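Architecture and fold: a report
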2 protein chains.
Amino acid sequence: MMFEQLGLIGCGLMGSSFALAMKRAGLVKRVIGYSKSPTTTQKALAMGIIDVEAPSALLAVSGADLVLVSVPVAATEAVLKSIYHIVGAKALVMDVGSTKQDVVKAARGALKEKMGCFVPCHPIAGKELSGVEHADEHLYKGRKVILTPTERTMTVQLNAATQLWTALGCQVQNMSPAAHDAAYAVVSHLPHMLAFALMNSILAQDDSQEYLSLAGTGFRDFTRIAASEPKMWSDIMMTNKDELLAQSKAFRRSLHAMEVLIQTGQQDALHDLIQKASQSRANWRMNDKK
Amino acid sequence: MMFEQLGLIGCGLMGSSFALAMKRAGLVKRVIGYSKSPTTTQKALAMGIIDVEAPSALLAVSGADLVLVSVPVAATEAVLKSIYHIVGAKALVMDVGSTKQDVVKAARGALKEKMGCFVPCHPIAGKELSGVEHADEHLYKGRKVILTPTERTMTVQLNAATQLWTALGCQVQNMSPAAHDAAYAVVSHLPHMLAFALMNSILAQDDSQEYLSLAGTGFRDFTRIAASEPKMWSDIMMTNKDELLAQSKAFRRSLHAMEVLIQTGQQDALHDLIQKASQSRANWRMNDKK
């Protein structure tokens, strides 16, 4: 499997890392890149991530047999609309968005009869550092990639996407868009929300800088994701609103249960709650096969 | 500065790592160890962490010019009471507990006129893995150590403690016990509580195992501290109850503010909140000097 030309729309961390990985794996001959910010595209060119700068998403896609849309999820519909006329009937079009129901909906509206070309993807990879300057050819290696094909996704494109990600060292797993969004509200979107909320809770206090200067490795790891990109994450949270709010509510119940035990001095029951959490986390392994 | 004999009470992760570090740095000649569990003491002996097993805390302390109490904070008072009669007037006695007001109170009651020997310490170091088998001579290196001396702490002991931790590669900082407990409720105790609560919130759901199998690196780092030791952490939470509950409440307000913005579709305001959190976290560096 070798692609002639990758049309890369969005040259941020995810898109640039994908282009690099594809090139290093010898899976693509040419990368034409477009980014909303010309500075970003120029950096990507200078770093050898793309071979040609395109002045628009449309021109990046022209002639491409592989298209990757790697933009904040709320921008997906506009991008797909803008490339609709030029996408080849045999091209494989993928995204890397962290929510999938909205992306599928956007794709249906934008790609119409070409919807079959589109394979919605969510690689479970990322960093708290964003931007082309943090592009990393190994970003995807060993990570899960969730595909959420629709009833109109063509088998040939689904198979090609599966082969491509597998060739990049990923574990591919298929899910429905709804199941995907429910699961990632729990294990990704809510943790990000909690990390942001903790930082803001600290910053609202008079002694916040003193407090932050005293923090250690537990805090460092717990809040790493709080440094994530604001546009990307406000998009995700709005997009997956219902699932996220339901999970936030469930979380508050769980937190409140601990507060009550602390308040009323029920140390044994508190110990048991902590033990349950601790054992489960100690036994958890990332990327365990289901 | 060289100590003749360290009396180590509690041979878990913190105590064992301290004994190892002291030995490797050539700061102590002999370590006499006691643990509630004989299995632990035997392991510590077999691993060369202690030189002699003591059958009681009292006997571990006999003849020691340095005593380290490294037990769950709620056990501190009983330990100090049990060694009171045998502690030498010139010995340096330290603990490594994560809360300090309760430890100081316990020490006043237990050590009486020998209270001047006691320097309450909190090394900002640890792992989610507990027990002597994870002892690590480098655990403390490069970390902060907070000392919370009282008005009765003798200068000579405070200086000795400062020199000792500095010799182990730590940055020593003095605080009042109350300021310590307020600060660590924010940057350590609350994050642990949130991590435990998140795990329990997930475990209460029907699809919890499916969800957990899909989690990636963000979840991994965010929940690392949820694997921490239940006895140690239920103790800390009960002990620092007032500060912790106040911080939990402040956190819930911060979370609720985000929920409202999501619910009402105020994306720009949500973006600004996330940006504030993100910039602050991106600029944070561990162990920045104040």
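Further up the page is the structure itself.
The notes below deal with the structure included here. (Residues numbered from 1 in each chain as written. Chains lettered and ligands numbered in written order. Predicted model: local features only at pLDDT ≥ 70, side-chain atom pairs only at ≥ 80, totals over all residues. Heavy atoms only, no water.)

The subject of this paragraph is the interface of chain B and chain A. Across the contact, 86 residues belong to chain B and 87 residues belong to chain A. For the pair chain B and chain A, the summed buried area comes to about 8200 Å², and 67% of that belongs to carbon and sulfur atoms. Considering only the side of chain B, the residues that lose the most area to chain A are L214(B), F222(B) and R281(B), jointly responsible for 9% of the buried surface there. Our count for the contact surface shared by chain B and chain A stands at 4 salt bridges. In this structure, the salt-bridge partner of R252(B) is E259(A), at a minimum N-O distance of 3.0 Å. Sorting the residues of the side of chain B that touches chain A by element identifies β8 (144-147), α7 (177-203), α8 (208-213), α9 (217-222), α10 (230-239), α11 (241-263) and α12 (267-283) of chain B as the ones contributing at least two each. (Contact = heavy atoms within 4.5 Å. Buried area = accessible area lost by both parts, 1.4 Å probe. Salt bridge = Lys/Arg side-chain N within 4 Å of Asp/Glu carboxyl O. Helix = DSSP H or I, 4+ residues; strand = E, 2+ residues; numbered from the N terminus.)

Before going further, it helps to examine the nonpolar core. Grouped together as the largest cluster of nonpolar side chains are 128 residues, with contacts concentrated most on F219(A), M237(A), F251(A), F219(B), M237(B) and F251(B). Apart from the residues lying within four places of it in its own chain, the contact partners of M237(B) are M258(A), I262(A), L270(A), I274(A), H189(B), H192(B), M193(B), F196(B) and L244(B). (Core = buried A, V, L, I, M, F, W, Y, C linked by side-chain atoms within 4.5 Å. Buried < 20%, exposed > 50% of the residue type's maximum accessible area, 1.4 Å probe, protein only.)

Let's shift gears to the packing of α7(B) against α10(B). In a packed pair of helices, the relevant descriptors are the angle between the two axes and the axis-to-axis distance. Residues and elements named next belong to chain B. Taken N-terminus to C-terminus, the directions of α7 and α10 make an angle of 125 degrees; their axes are 11 Å apart at the nearest point. Overall, the two elements α7 and α10 adopt an arrangement that is oblique. As α7 runs across α10, the sense of the crossing is left-handed. Here S188, H189, H192, M193 and F196 of α7 lie close against α10, whose contacting residues are W233, I236 and M237. (Axes fitted to C-alpha atoms, helices over the stretch in contact; angles between N-to-C directions. Parallel < 35°, antiparallel > 145°, perpendicular 65-115°, else oblique. Left-handed = near helix turned anticlockwise from the far one by under 90°.)

Moving on to the sheet that holds strand β1 (residues 3-9) of chain B. Residue and element names in this part refer to chain B. If you walk across this open sheet you meet the 6 strands as β3-β2-β1-β4-β5-β6, and the pairing is parallel. Single-partner strands in this sheet number two, and they are β3 (52-53) and β6 (118-119). Of the strand pairs in this sheet, strand β5 (residues 92-95) and β6 are connected by 2 bridges, and their pairing is parallel. Counterpart to V93 in the pairing with β6 is F118. Across the sheet, helix α1 (residues 13-24) lies against β1, β2 (28-34), β4 (66-69) and β5, angled at about 170 degrees from β1, the strand it touches most. (Pairing = 2+ DSSP bridges.)

Between the two copies, chain B and chain A, the superposition gives an RMSD of 0.0 Å; the rotation angle is 180 degrees and the shift along the axis is 0.0 Å. Classification of the inter-copy transformation places it as that of a two-fold axis. Rotation axis and chain B: the residue whose C-alpha lies nearest the axis is F222(B), separated from it by 2.0 Å. Here 100% of the interface residues in chain B have copies in chain A that are interface residues too; the copies meet face to matching face. (Least-squares fit on C-alpha atoms with pLDDT ≥ 70 in both.)

Time to look at the pairing of β8(B). All names here are of chain B. The alternating pattern of β8 places K144 and I146 and V145 and L147 on opposite faces, both of which are buried. The pairing of strand β7 (residues 121-123) with β8 spans 3 bridges and is classified as antiparallel. Within the sheet, the bridge partner assigned to C121 lies in β8 and is L147. You can see the chain leave β8, run along helix α6 (residues 155-167) and come back into strand β9 (residues 171-174), and the turn it takes is right-handed. (Right-handed = clockwise from strand over helix to strand, strands pointing away.)

Residues and elements named next belong to chain B. Read from one edge to the other, the open sheet built from 3 strands follows the order β7-β8-β9, with strand pairing classed as mixed. In the strand order of this sheet, the two ends are held by β7 and β9, each with one partner. The mean angle between the axes of side-by-side strands here comes to 20 degrees, regardless of whether they run parallel or antiparallel. One ladder, built from 4 bridges, connects β8 with β9; its direction is parallel. Note on β9: the bridge partner recorded for L147 is N174. Packing against the sheet, α6 makes contact with β7, β8 and β9, and its axis sits at approximately 170 degrees to β8.

Here we come to helix α4 (residues 76-83) of chain A. All names here are of chain A. Within α4 the residues assigned to the buried category are T76, V79, L80 and I83. An end-on view of α4 places all buried positions within 95 degrees of arc, on one side of the element. Where α4 is buried, its residues contact β1 (3-9), α3 (57-61), β4 (66-69), β5 (92-95) and α5 (101-111). (Arc of directions from axis to C-beta.)

As a further point, take the pattern of salt bridges. The tally for this structure, following the rule as stated, stands at 24 salt bridges over all chains. Close ionic contact of E137(A) with R24(A) constitutes a salt bridge, the shortest N to O distance being 2.6 Å. Taken together, the residues span a long stretch of sequence, with E137(A) in the loop between β7 (121-123) and β8 (144-147) and R24(A) in helix α1 (residues 13-24) at a distance of 113 residues. Judged by its relative accessible area of 27%, E137(A) falls in the partly exposed class. For K43(B), the salt bridge goes to E133(B), with nearest N and O atoms at 3.7 Å.

Most peptide bonds take the trans form, and the phi angle of most residues other than glycine is negative. Residue and element names in this part refer to chain A. One non-glycine residue with positive phi stands out, namely K112, at about 45 degrees. In this structure, K112 sits in the loop between α5 and β6 (118-119). For K112, a relative accessible area of 45% corresponds to the partly exposed category.

According to the stated counting rule, one finds 10 aromatic pairs over all chains in the structure shown. For the pair F18(B) and Y140(B), a centre-to-centre distance of 6.4 Å together with 80 degrees between the ring planes defines the contact as edge-to-face. Placement of the pair is F18(B) in helix α1 and Y140(B) in the loop between β7 and β8, with a sequence separation of 122 residues. Take F18(B) and Y140(B): they sit in the same class, and that class is buried. An aromatic cluster is built from F18(A), Y140(A) and W165(A), whose rings are joined through pairwise contacts. (Phe/Tyr/Trp six-rings, centres within 6.5 Å; stacked < 30°, edge-to-face > 60°.)

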